[in-house]
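Letter by letter, the chains look like this.
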Amino acid sequence: MLVLLTRLGLAVGSPRPPKTGVRSGIGPVHPDVSAETRPRSSSAPFPATVACAGASSCAETKRRRKLAGAQFNATVLLSLVFGVFIFAFQSYGLYRQFPEMIHKEAQEIFELNKRLVARSLYEYDADLAYNIVMGVAHRADIYRAQIVDRNGIKLSSFVNQPSATRFDELVDLLFDRYERQRFPVGASPIDPTPSGTPAGYLVLSINKGYWFDRLISDLGTIVLLALIWSLLVAFGISFMLYLKITRPIMQLTALISRTDLKSPEKNNSSLTQYSHNDEIGDLYSSLVQLSSNLRENIENRVVAEKRLRLLADTDPMTGLYNRRAFSRMVQALIKDGRHFAFVIFDIDHFKAINDDHGHDVGDRVIIGVACTVRNELRERDVVARLGGEEFGVLLPDITPSEAVGVANRLRVAIASTNLMQAEAPDRAVTVSMGVASSHSVAETSLESIFKSADVALYAAKTNGRNRVEAARGGAETDALSASTSAASPGPAPISCQDIDTAIDSGEFFVVYQPKVVIGGNGLPVWTGLEALMRWQRPGQGVVSPAHFLPMLLHGPRAETLVAWLFREIDGHLEAWQGACGRTVPVAVNVATLSLENKEINHFLREHLGAPAPSWRKLEIEITESERYFDLPTVQRLCADLAVLGVTITLDDFGVGFSSMERLIALPADRLKLDRALTAYTAHPGKPAAVIGAILQMAGQMGVDVVAEGVETRQQLSWLQGLGCTHFQGFLFDKPLTATEVADRLANGQALRDGPTLASRIPRGVAAE
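Residues numbered from 1 in each chain as written. Predicted model: local features only at pLDDT ≥ 70, side-chain atom pairs only at ≥ 80, totals over all residues. Heavy atoms only, no water.

Visitor: Can you tell me about the overall build of the protein chain, naming the residues and giving the values?
Guide: When helices and strands are counted, the protein chain shows 24 helices and 19 strands. Each of the 768 residues in the protein chain was classed as buried or not, and the buried ones make up 47%. Considering only intrachain contacts with a sequence separation of at least 6, the fraction spanning at least 24 residues in the protein chain is 71%. With the model as given, the accessible surface of the protein chain reaches about 38300 Å², and the carbon-plus-sulfur share is 56%. (Helix = DSSP H or I, 4+ residues; strand = E, 2+ residues; numbered from the N terminus. Buried < 20%, exposed > 50% of the residue type's maximum accessible area, 1.4 Å probe, protein only. Contact = heavy atoms within 4.5 Å. Areas by Shrake-Rupley, 256 points an atom, 1.4 Å probe, with all protein chains shown as cover.)

Visitor: How would you sum up the side chain of Asp348? Please name residues and give values.
Guide: Inspection of the secondary structure assignment puts Asp348 in the loop between strand S5 (340-347) and helix H9 (350-357). Looking at Asp348, the relative accessible area reads 4%, which means it is buried. Side-chain polar atoms of Asp348 contact the side chain of Ser432, separated by 2.7 Å. (Polar contact = N/O pair within 3.5 Å; in protein donor to acceptor, adjacent residues only side chain to side chain.)

Visitor: Would you mind going over the pattern of salt bridges in detail, with residue names and values included?
Guide: This structure, assessed with the given rule, holds 25 salt bridges. Between Arg744 and Asp733 there is a salt bridge; the shortest N-O distance is 2.8 Å. Pair noted here: Arg744 is in helix H24 (residues 738-746) and Asp733 is in the loop between strand S18 (726-728) and strand S19 (736-737), with a separation of 11 residues, a long-range link. Between Glu740 and Lys734 there is a salt bridge; the shortest N-O distance is 3.8 Å. On the basis of relative accessibility, which here comes to 30%, the residue Glu740 falls in the partly exposed class. Under the relative-accessibility criterion, Lys734 is labelled partly exposed at 47%. (Salt bridge = Lys/Arg side-chain N within 4 Å of Asp/Glu carboxyl O.)

Visitor: Which residues make up a nonpolar patch on the surface, and what are the values?
Guide: Residues Leu80, Leu227, Leu231 and Phe235 make up a contiguous nonpolar surface patch of about 340 Å² in total accessible area. At three residues, helix H5 (residues 208-257) tops the list of elements feeding residues into the nonpolar patch. Given the relative accessible area of 34%, Leu80 is considered partly exposed. (Patch = residues over 30% accessible without salt bridge, like charges linked within 9 Å, V, L, I, M, F, W, Y side chains within 5 Å.)

Visitor: Could you give me a rundown of the nonpolar core, with the residues and numbers involved?
Guide: With 73 residues, the main nonpolar core has Tyr512 and Trp576 as its most contacted residues. When neighbours within four sequence positions are excluded, Trp576 is seen to be in contact with Tyr512, Leu529, Gly581, Arg582, Val584, Val586, Ala738, Val741, Ala742 and Leu745. By size, the runner-up hydrophobic cluster in this structure holds 33 residues, among which are Leu320, Ala341, Leu377 and Val404. (Core = buried A, V, L, I, M, F, W, Y, C linked by side-chain atoms within 4.5 Å.)

Visitor: Residues and numbers for helix H18 (residues 598-609), please.
Guide: Here H18 spans 16 Å end to end across 12 residues, near enough to the 16 Å set by a 1.5 Å rise per residue. Taken residue by residue, H18 has Ile600, Asn601, Phe603, Leu604, His607 and Leu608 as its buried positions. What you see down the axis of H18 is that its buried residues fit within an arc of 165°, all on one side. Exposed side chains of H18 directed beyond 90 degrees from the buried face belong to Lys598, His602 and Glu606. (Expected span 1.5 Å × (residues − 1). Arc of directions from axis to C-beta.)

Visitor: Just give me the short version of the sheet that holds strand S9 (residues 468-470), but keep the residues and values in it.
Guide: If you trace the five strands from one edge of the open sheet to the other, you get S6-S7-S5-S8-S9, paired in mixed fashion. Strand pairing shows two members of the sheet lacking a second neighbour, strand S6 (382-387) and S9, which therefore form its edges. Across the sheet, the mean angle separating the axes of adjacent strands is 20° when strand polarity is ignored. Relative to strand S7 (residues 390-396), helix H8 (residues 323-336) is tilted by about 25°, and along the sheet it contacts S5, S6 and S7. On top of the sheet, helix H12 (residues 446-462) reaches S5, S7, strand S8 (431-437) and S9; it is set at about 145° to S8, its chief contact. (Pairing = 2+ DSSP bridges. Axes fitted to C-alpha atoms, helices over the stretch in contact; angles between N-to-C directions.)

Visitor: Please set out the pairing of strand S11 (residues 524-537) residue by residue, giving values where relevant.
Guide: With respect to burial, S11 is a largely interior element, 11 of its 14 residues being buried. With three bridges connecting them, S11 and strand S13 (residues 586-591) associate as parallel partners. In the strand pairing of S13, Leu529 is matched with Val586. Bridging between S11 and strand S12 (residues 541-543) involves three bridges; their strand directions are antiparallel. Among the inter-strand pairings, Gln536 is bridged to a residue of S12, identified as Val542.

Visitor: Lay out the side chain of Ser205 with the relevant residues and their values.
Guide: Mapped onto the fold, Ser205 is located in strand S4 (residues 200-207). For Ser205, a relative accessible area of 11% translates into the label buried. Look past the residues within four positions of Ser205 in its chain and what remains in contact with it is Asp141, Ile142, Tyr143, Arg144, Glu179 and Arg180.

Visitor: Describe the environment of Ala106, with residues and values.
Guide: As for its placement among the helices and strands, Ala106 is situated in helix H2 (residues 57-123). Under the relative-accessibility criterion, Ala106 is labelled buried at 1%. Ala106 has contacts with Gln181, Phe183, Leu204 and Ile206, leaving out every residue within four places of it along the chain.

Shown next, in the form of structure tokens:
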């Protein structure tokens, strides 16, 4: 029975544990776990095995046949063994009866011929005696027949030479082949039974070989009958087993597969359908009860373990990851060899907030900061509360310059959110930030990353707070640190009036970074320039766009700065044409949010749609910096600009909020691979496949691809091997001032004009 239960799979399967990942939500972690976090389970009480029993009738039939076949085989084997024992017993009995059988047969022959033998002796008739012995000896089992008188004188004798049998050698081995039997005969033919001294004897020599051959034949018949009997018994026992055990157990299995522990009334109907009031019925009830108890215990344990994991990995106040879980994620990125940046920040003067307004207000400020930061990050970014008012942000697959830009965006977002409006409307909550990147540390380890970020955070506090400092490492990180760290004192918060003053005072200036292809001689050939805006703020040094562009995107002065930028570029293009008679296409980077701005939208249509001199070669690079924007509005503007002869480039393709939908919707002439993709030379497997697919897709669409952020020859060779031909990065040139561009053009810098729509579509053609 245990074997049958095992083969039927009547064992309680434990449900799989849920995934242990915890999403960094905002808000307190409640001690009870919601229904969504509970482990999913099958409605059957035995999900690991019996749930498959009723999956299909075909599988059920196969299982039933397999079980019935196994039972029949076992029954046949037992029946054959029993039949062998019976055969052996009967064979032994026949062997023991063998002498008696011979004697009995000889006695019957004597009884048939004794009157004739008595007559031949009485008359002493030799001819009659000869006829008698000849008739007897012609039998197959008689070797010799003789009639002798009382004195031993042979009256007549006849020998029958028997034919050889199959078992003569075996008979000679076991016993004498011929056995002599002597039967006394009286002298009276009427009553041949001797009353005294017999008148003579009938002597018979029995051929045992004949009888042994008959014995073997009888044994063959016994074997055949035993086999038939065994098969009949096997069929009968198998049929009884099927009726009494197999079919009830299969019915039990089917009922168990339909049992729903969440609906007791259904179980009761199933029990009613199962009419076996026997041990199997009791087994079914016991198994259902056992499964219910086990399921309840397992679910309670899973819920408890999940609650413990939540408490161990999350901060109870904000719902963010804690330092323990955050450190584990950083170590995972280090182990995978991925590039990332780590931003550590804390709230400025938080102790004063607690002292002046109480700890309840301080807690609300912490929760508000957590909400603001979480809403500003990508889905794959991770934010954690490391302790007290200290937070950490993990930015995977990002360059140092982009990490500083993200940090500044977070700093501006926190400062612009009035987290203490009810308690102190005039008091802004600011943060100091330190940025460390896996690019900028000599040894990528958890300790070195945290230490570098802590040093940068200390520098931000020392230099006046409400600022971002980057850990110093590579050349790019040093430049970014120089742009965000001032000699003395730190940069003050930027206002709209500061931007207007900077425009009027000429504090903004434009630099240009070349985009190149590699010529036949191995030297870079310019295909265009990208305009980059910088701010030379008095007393602060060069301010990175990461500090003021986030404010411009959401502020009312965006149109002013965009208009100034295009006028400045036009002036430089005209100056280059006048000085050396050469010019080069210039790309202007515009965020999608700026394209939604009605004033900027109108300015671009008016400025780029007006009749233009031949030296004006402008391109628009669209940066998809926002997850959501008005796609139809941007699509119509890009279509109109394309008709006017403006080349459209999708910047930072492959990261951020770029999507295939926008690639199809926007009339792009060129794609720019983000530096996060081109930085994967150390791990070329998956990135190479992704970049290769983008290049193939762009080739089929007739779109050029520019790889930005190329800083080493290793990157260049890797990208060329993938089929990329257009590049941009520090390997070829740092950003150049307008004067440096003019000098390069005057000195014969090789140029190759990129595709411009002006050459293929006449200006003034209206968009459809």
